[in-house]
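Observations on the model geometry
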Amino acid sequence: MSETETVWHPFPKEKPPEPLTRYLVTLKERKGKRIYIDIWGGSFWLSTGTRIIAWAELPEPYKPD
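First, a word on what this report is: a plain description of the structure on this page. Note that the structure is predicted; figures quoted are calculated from it, not measured. (Residues numbered from 1 in each chain as written. Predicted model: local features only at pLDDT ≥ 70, side-chain atom pairs only at ≥ 80, totals over all residues. Heavy atoms only, no water.)

**Structural notes on the overall build of the protein**
Across its full length, the protein holds zero helices and four strands. Reading the protein from its N terminus to its C terminus gives the helix and strand order β-β-β-β. Looking at the 65 residues of the protein, the share that counts as buried comes to 25%. Expressed as a percentage of contacts within the protein between residues at least 6 apart in sequence, the contacts between residues at least 24 apart total 49%. When the accessible surface of the protein is summed, it comes to about 5400 Å², and 54% of that surface belongs to carbon and sulfur atoms. (Helix = DSSP H or I, 4+ residues; strand = E, 2+ residues; numbered from the N terminus. Buried < 20%, exposed > 50% of the residue type's maximum accessible area, 1.4 Å probe, protein only. Contact = heavy atoms within 4.5 Å. Areas by Shrake-Rupley, 256 points an atom, 1.4 Å probe, with all protein chains shown as cover.)

**Quick notes on the side chain of H9**
The residue H9 is located in strand β1 (residues 9–10) in this model. On the accessibility criterion, H9 (18% relative accessible area) is buried. A polar contact of 2.8 Å, which involves the side chain of H9, links it to the side chain of E14. For H9, the contacting residues outside a window of four places in its chain are E14, I53, A54, W55 and A56. (Polar contact = N/O pair within 3.5 Å; in protein donor to acceptor, adjacent residues only side chain to side chain.)

**Thoughts on the nonpolar core**
Ranked by size, the top nonpolar core spans seven residues in total: F11, Y23, V25, L27, W40, I52 and W55. Only β2 (23–29) and β4 (50–56) provide two or more residues apiece to this core. Sorting elements by how many residues they give to this core places β2 first, with three residues. (Core = buried A, V, L, I, M, F, W, Y, C linked by side-chain atoms within 4.5 Å.)

Here it is as structure tokens:
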């Protein structure tokens, strides 16, 4: 069970508010069918070999009691 809900935004229909911030992204290989999740930052729309299909805000880090 997840403590937080991930809200995915389709890209490029919805672009992130801060382009130089890190985000979770769903990527799809250009020459394949593999889809995976990674952390992306910098120039958000520049990618070689992959295509960004969605992005989400990073979750809050774990904080031990």
